[in-house]
Amino acid sequence: LQPQISVLATVSNGISFIQETVFEKRFNHVQELKKMGADIYIKDNFEIIKGVKYLHGAEVSAFDLRGGAALCLAGLVADGETIVKDIKHIKRGYLNFEKKLLSLNANIKII
């Protein structure tokens, strides 16, 4: 759940540290979160995240399953519209993901 926890940390007070101990370079979602206003710095196998007041909508790409899901969650808490491209990973890995987001009152459209 590292990418999803990263999203939570971006909108939390203070500074968070997340260490990746399994896969090197599993931080593909970080650059996309930065497009949304996240304050994240990568150092070796750590994410250093300074919480911000809010994220803003942006066009982002899902490079993998968990990172893509995290970007969708970031879109839910962001101000404005978020477009998540390359959702094939999400659709492959999560059954009825759109319906789950809709149950959270998300305003989504699959194009």
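The structure this text deals with has already been given above.
Residues numbered from 1 in each chain as written. Predicted model: local features only at pLDDT ≥ 70, side-chain atom pairs only at ≥ 80, totals over all residues. Heavy atoms only, no water.

### Structural notes on the sheet that holds strand β2 (residues 39–43)
- Across the sheet, three strands lie side by side as β1-β3-β2; this open sheet has antiparallel pairing. The open sheet is flanked by β1 (15–19) and β2, the only strands paired with a single partner. Ignoring which end each strand starts from, the neighbouring axes of this sheet average 20° apart.
- Relative to strand β3 (residues 46–50), β1 is paired through five bridges, and the arrangement is antiparallel. Bridged to F17 within β3 is I48. (Pairing = 2+ DSSP bridges. Helix = DSSP H or I, 4+ residues; strand = E, 2+ residues; numbered from the N terminus. Axes fitted to C-alpha atoms, helices over the stretch in contact; angles between N-to-C directions.)

### A look at the layout of surface pockets
- In this structure, the largest pocket spans a volume of roughly 700 Å³.
- Contributing to the lining of the largest pocket are 23 residues, with T82, I83, N107, I108 and K109 lying nearest its centre.
- For the lining of the largest pocket, the elements supplying multiple residues, two or more each, are α3 (65–77), β5 (83–85), α4 (88–93) and α5 (97–102).
- Here the lining of the largest pocket gets four residues from one element, more than from any other, and that element is α3. (1 Å grid on protein atoms, 1.4 Å probe; cavity = no way out; pocket = protein on both sides within 12 Å on 5 of 7 lines; lining within 4 Å. Points joined across faces, edges and corners; volume = space filled by probe spheres on them.)

### Details of a nonpolar patch on the surface
- Among the surface-exposed residues, V11, L73, L76, V77 and L104 lie close enough to one another that they form a single nonpolar patch of about 380 Å² accessible area.
- Mapped onto the fold, L73 is located in helix α3.
- A relative accessible area of 32% means that L73 is categorised as partly exposed. (Patch = residues over 30% accessible without salt bridge, like charges linked within 9 Å, V, L, I, M, F, W, Y side chains within 5 Å. Areas by Shrake-Rupley, 256 points an atom, 1.4 Å probe, with all protein chains shown as cover. Salt bridge = Lys/Arg side-chain N within 4 Å of Asp/Glu carboxyl O. Buried < 20%, exposed > 50% of the residue type's maximum accessible area, 1.4 Å probe, protein only.)

### Some thoughts on the pattern of salt bridges
- Considering all chains together, one arrives at three salt bridges under this definition.
- Across the pair K35 and E32 runs a salt bridge whose closest N-O atoms are separated by 3.2 Å. Taken as a pair, K35 and E32 lie in helix α2 (residues 28–35) at a separation of three residues, close to a single helical turn.
- In this structure K35 comes out as partly exposed when scored by relative accessible area, which is 42%.
- The exposure class of E32 is buried, given its relative accessible area of 4%.
- The shortest N-O distance in the salt bridge between K91 and E98 comes to 3.8 Å.

### Focus on the packing of helix α1 (residues 2–10) against α3
- Direction vectors running N to C along α1 and α3 enclose 25°, while the axes themselves pass 7 Å from each other. Put simply, α1 runs roughly parallel to α3. The chirality of how α1 crosses α3 is right-handed. Seen from α1, the contacting residues are P3, Q4 and V7; seen from α3, they are R66, G67, A69, A70, L73 and A74.
- Residues that form the contact of α1 with α3 fall into these classes: six nonpolar, two polar and one charged. (Parallel < 35°, antiparallel > 145°, perpendicular 65-115°, else oblique. Left-handed = near helix turned anticlockwise from the far one by under 90°. Contact = heavy atoms within 4.5 Å. Nonpolar A, V, L, I, M, F, W, Y, C, P; charged D, E, K, R; others polar.)

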